[in-house]
Amino acid sequence: MFRDMEYINQFTDIMSEGFIFIDNHGKIQIYNKKAKEVFGVVNDEGRGHESGKIVDGDIVIIADNNLGRDDGGLKPENLSVIGIDNEDIEIGDSIVAVGVYNNKSTKPIFKYTKDYSDEVLRLDTIFLGISIEAQVDFTGKIMNISVDGEEFETEYINALGHIVVIDGKSGDVKFYQSKGYTIRKESIFDLLMGREYMAKGQNLEVDVIGRDIFDIHGYVSAIKDFYEAAKGKDIWFKDKFMEINGRPTLCSLEPVNRKGKRVGALLKVKDISELKNLIEERNEAYLRLAEIEKKFKQREERIDFFKRIIGESDEIKEVKTLLYKASKLNSTILLLGESGTGKGLMAKEIHDASKNKNSPFIQVNCGSIPESLMESEFFGYEAGAFTGARKKGKTGFFEMANGGTIFLDEISEIPLSMQVKLLQVLQSRNFFRVGGEQEINVDVRIIAATNKNLEEEVLNGRFREDLFYRINVFPIWVPPLRERKGDIYSIVYSKLPEICRMAGSQEKHLSGEALKKLKRYNWPGNIRELENILERAVILSEGNTILSKDLKIEVKADGAVDKQDIRPLKKIVIDAEKEAIINALKLYNGDRKKVMDILDIGKTSFYDKLKKYDIDASKI
């Protein structure tokens, strides 16, 4: 295909990024030096060892942060070859272990966990006279196995199965895991099942030229796109975050044509785990890549029940922690936050994580019910209770939620007349249907939500103080999207495939510039607005890549000021005066004399301003 392949190889080997070219049959024709380093094709990492296989009597040490994932499909029962037979270990668990291969007489030592909230899972022991330490650092995403002080450390982004093997006769390390194990077919499962491993050492490498691209890198999405582009599809992208063989990379894909005919495609890769200025993007993308395994559906684990709440920022982690605590209580929960932040989803997640998860979850939008119908909707009515009533009567929301959860969204919109009746139900857990004479008792958990400041609503007389204290038992503040912009990437990558499907579109991806534009926007409508913007971009964009021009949002340049930020000076002064008076009245519990003193204002002027700004000092 290329006349002077030696010259081309010399040229591509001096490139600072990985460069792979496949022909239109999917066969590798060029695989430069940097690509070999990124994916472990050059097998010279560490001190080196000879080729071989695990034999009876060898000591096997493993550290696996997600059993069954990126370890060759290892199953709990496969661990029996090193003496581990524990029915409680499941797919998805994290485990550190040491045992003897095919030797039931020597008892293995192991630890495992189902709780990813732990920072480190560590095993530190003396095993058959050898000092052994194996640990998984969930926070730093590092695995380390130490043998008599010699360390074998490796990083991971999502999941990894790390293994070190000690010769049972000599006590020397005969194999250690390193990057490129997928290409070399040296996963934990492969080795435990008897597969031979390759030697490591200077200038040793896997011969990949002429081999099928799927044979080397597997059927991951990046390689599928690469292959389809080589076969003739018009697929291209630039600096797209993708994980290939466990390595976090930025990929650029370009089809290659000659004389109007597709002859292949080239893939350029940057290993961003080596670029410090991109570590933040790697961490933000982690949640998108870390799909929750099927086994979590059977367990009440914090990470499972809140898997639909997307984000890895400190802010959303704190929210998840509070949601988890709330799910284990029977107390009333109050979710506070702006519209579009996902309060409804969080209420449902609390219910699904609670002991009543199999009972009803009734969601009520308090702002959508007319005041005249609110009592009958909440508590139901008996037959003939009023003109137009159903002959059989109607079950109300509280009765429907009996045994489960009722979610009162936008509770601040309930009128004062109804707040009194709601308070009674919250206190006594019983009520009468409209037109009914029989008291109805309910066992129901209440979750309320609002986008308003309820304390201000109480001060302004629009919300009962006693009801506020009743629902404010366990408040949870949900931060707006602009305060956790680090989660935008993971939200986009989670939502975009579903949005494409719903829009009847092929799966699309965002360009690097489009992602940057999303992160610069202020998101007044929060996640709901982000979903709408993405849906519109899917419809407007051409091809399978969404560009920054397809995102119909106005982003300010650094240091720029919106026109809406500029107001008349007179209006600014008025707002400042009104706010100062109200704050002072709150501070001094309505003591007018103290307020006049602290604001240095005369009595006549003070009362004029109260009238001007319609401030009722007696209600503050």
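Residues numbered from 1 in each chain as written. Predicted model: local features only at pLDDT ≥ 70, side-chain atom pairs only at ≥ 80, totals over all residues. Heavy atoms only, no water.

Enquirer: How would you summarise the overall build of the protein chain if you had to cite specific residues and measurements?
Expert: Helix and strand content of the protein chain: 20 helices and 23 strands. In the protein chain, buried positions account for 48% of the 620 residues. Sequence separation of 24 or more characterises 63% of the internal contacts of the protein chain that already satisfy a separation of 6 or more. Total accessible area computed for the protein chain in this model is approximately 31100 Å², and 47% of it derives from carbon and sulfur atoms. (Helix = DSSP H or I, 4+ residues; strand = E, 2+ residues; numbered from the N terminus. Buried < 20%, exposed > 50% of the residue type's maximum accessible area, 1.4 Å probe, protein only. Contact = heavy atoms within 4.5 Å. Areas by Shrake-Rupley, 256 points an atom, 1.4 Å probe, with all protein chains shown as cover.)

Enquirer: How would you explain the pattern of salt bridges if you had to name every residue and give the values?
Expert: Note that side chains of opposite charge can pair when their charged atoms are close. Scanning the entire structure with this criterion turns up 27 salt bridges. Here lysine 114 ties to aspartate 93 by a salt bridge, and the two come within 2.9 Å at their closest N and O atoms. Of this pair, lysine 114 sits in the loop between β5 (109-113) and β6 (120-127) while aspartate 93 sits in the loop between β3 (59-64) and β4 (94-100), and the two are 21 residues apart along the sequence. What makes aspartate 93 buried here is its relative accessible area of 0%. A salt bridge links arginine 433 to glutamate 399; the nearest nitrogen and oxygen atoms lie 3.1 Å apart. Of this pair, arginine 433 sits in the loop between β18 (430-432) and β19 (439-441) while glutamate 399 sits in helix α11 (residues 397-400), and the two are 34 residues apart along the sequence. For glutamate 399, a relative accessible area of 24% translates into the label partly exposed. (Salt bridge = Lys/Arg side-chain N within 4 Å of Asp/Glu carboxyl O.)

Enquirer: Go over the sheet that holds strand β9 (residues 150-155) with me, naming the residues and quoting the values.
Expert: Strand pairing in a sheet is mediated by backbone hydrogen bonds. Such pairs are either parallel or antiparallel. Within the open sheet, the four strands sit side by side as β6-β7-β8-β9. Their pairing is antiparallel. Each end of this open sheet is capped by a strand with a single partner; those strands are β6 and β9. Across the sheet, the mean angle from the axis of one strand to that of its neighbour is 10°, orientation sign disregarded. By the bridge criterion, eight bridges tie β6 to strand β7 (residues 130-137) in an arrangement that is antiparallel. Residue pairing in the sheet places leucine 121 in a bridge with valine 136 of β7. (Pairing = 2+ DSSP bridges. Axes fitted to C-alpha atoms, helices over the stretch in contact; angles between N-to-C directions.)

Enquirer: Residue-level account of the nonpolar core, with values.
Expert: Counting residues in each nonpolar core, the largest one holds 32 residues, and the members touching the most others are Phe378, Phe398, Ile406 and Leu408. Elements that contribute at least two residues to this core include exactly β16 (361-365), α10 (371-379), α11, β17 (405-409), α12 (416-428), β20 (445-450), α13 (454-459) and α14 (465-471). Ranked by the residues each element gives to this core, the list is headed by α12, at five residues. Setting aside residues up to four positions removed in sequence, leucine 408 forms contacts with Val364, Cys366, Phe378, Phe398, Leu422, Ile446, Ile447, Ala448 and Ala449. Judged by nonpolar contacts, the second largest core, of 28 residues, contains Leu250, Tyr493, Leu518 and Ile533. (Core = buried A, V, L, I, M, F, W, Y, C linked by side-chain atoms within 4.5 Å.)

Enquirer: Give me α10: which residues, what numbers.
Expert: Turning to α10, its buried residues number three or more, namely Met374, Ser376, Glu377, Phe378 and Phe379. In this structure, the buried side of α10 is in contact with β16, α11, β17, α12 and β18. Looking one or two residues beyond α10, the residue adopting positive phi is glycine 380, at roughly 80°.

Enquirer: Report on the pairing of strand β12 (residues 237-244), specifying residues and quantitative values.
Expert: Taken across its eight residues, β12 has six buried, putting it largely inside the fold. Across six bridges, the pairing between β12 and strand β13 (residues 247-258) is antiparallel. Note on β13: the bridge partner recorded for phenylalanine 237 is leucine 253.

Enquirer: Give me the confidence of the model for the protein chain: which residues, what numbers.
Expert: Chain-level pLDDT for the protein chain is 83 on average; 87% of the residues reach the 70-or-more range. Mean pLDDT across the secondary structure elements of the protein chain bottoms out at helix α6 (residues 279-289), with 39, and peaks at β3, with 96. Segment residues 275-304: pLDDT under 50, and 65 contacts once partners within four positions in sequence are set aside and those in other chains are kept. (pLDDT = per-residue confidence, 0-100.)

Enquirer: Break down the sheet that holds β12 for me, citing the residues and quoting the values.
Expert: Strand order in this open sheet of five strands is β2-β1-β14-β13-β12, and the pairing throughout is antiparallel. In this open sheet, the two strands that pair with only one neighbour each are β2 (28-31) and β12. Adjacent strand axes in the sheet meet at a mean angle of 25°, parallel and antiparallel pairs treated alike. Two elements, strand β1 (residues 18-23) and strand β14 (residues 261-271), share six bridges in a ladder whose sense is antiparallel. The residue bridging phenylalanine 19 from the neighbouring strand is lysine 268, located in β14.

Enquirer: Run through the packing of aromatic side chains, naming residues and quoting values.
Expert: Applying the stated criterion across every chain, the model contains 14 aromatic pairs. With a centroid separation of 4.7 Å and 40° between ring planes, the pair formed by phenylalanine 175 and tyrosine 197 is classed as tilted. Here tyrosine 197 lies in the loop between α3 (188-192) and α4 (213-217) and phenylalanine 175 lies in strand β11 (residues 173-176), a separation of 22 residues in the sequence. For the residue pair phenylalanine 175 and tyrosine 197, the accessibility class agrees, reading buried in each case. The interplanar angle of 85° and the centroid separation of 4.6 Å between the aromatic rings of tyrosine 521 and tryptophan 523 together place this pair among those described as edge-to-face. On the accessibility criterion, tryptophan 523 (0% relative accessible area) is buried. Through a chain of ring-to-ring contacts, the aromatic side chains of Phe378, Phe379, Phe397, Phe398 and Phe431 assemble into a single cluster. The ring of phenylalanine 361 carries the charged tip of lysine 348 above its face, separated from the ring centre by 5.8 Å. (Phe/Tyr/Trp six-rings, centres within 6.5 Å; stacked < 30°, edge-to-face > 60°. Lys NZ or Arg CZ within 6 Å of the ring centre and 35° of its normal.)

Enquirer: Describe helix α20 (residues 603-612), naming the residues involved and giving the relevant values.
Expert: All of the buried residues along α20 are Phe606, Lys609 and Leu610. In a view along the axis of α20, the buried residues occupy a sector of 105°, so they form one face of it. Within α20, the exposed residues directed more than 90 degrees away from the buried face are Thr604, Lys611 and Lys612. Following α20 by one or two positions, aspartate 614 adopts a phi angle in the positive range, close to 55°. (Arc of directions from axis to C-beta.)

Enquirer: So what's going on with the packing of helix α8 (residues 314-327) against helix α9 (residues 343-353)? Residues and values would help.
Expert: Relative to each other, α8 and α9 sit at 45°, their axes nearing to 8 Å. Classed by the angle they form, the pair α8 and α9 counts as oblique. The crossing of α8 and α9 is right-handed. Of the residues in α9, those in contact with Ile316, Val319, Leu323, Ala326 and Ser327 of α8 are Met346, Ile350 and Ala353. Split by residue class, the contact of α8 with α9 holds seven nonpolar, one polar and no charged. (Parallel < 35°, antiparallel > 145°, perpendicular 65-115°, else oblique. Left-handed = near helix turned anticlockwise from the far one by under 90°. Nonpolar A, V, L, I, M, F, W, Y, C, P; charged D, E, K, R; others polar.)

Enquirer: For the pairing of β13, give the residues involved together with the corresponding values.
Expert: Two elements, β13 and β14, share ten bridges in a ladder whose sense is antiparallel. Looking at the pairing, proline 255 lines up with alanine 265 of β14.

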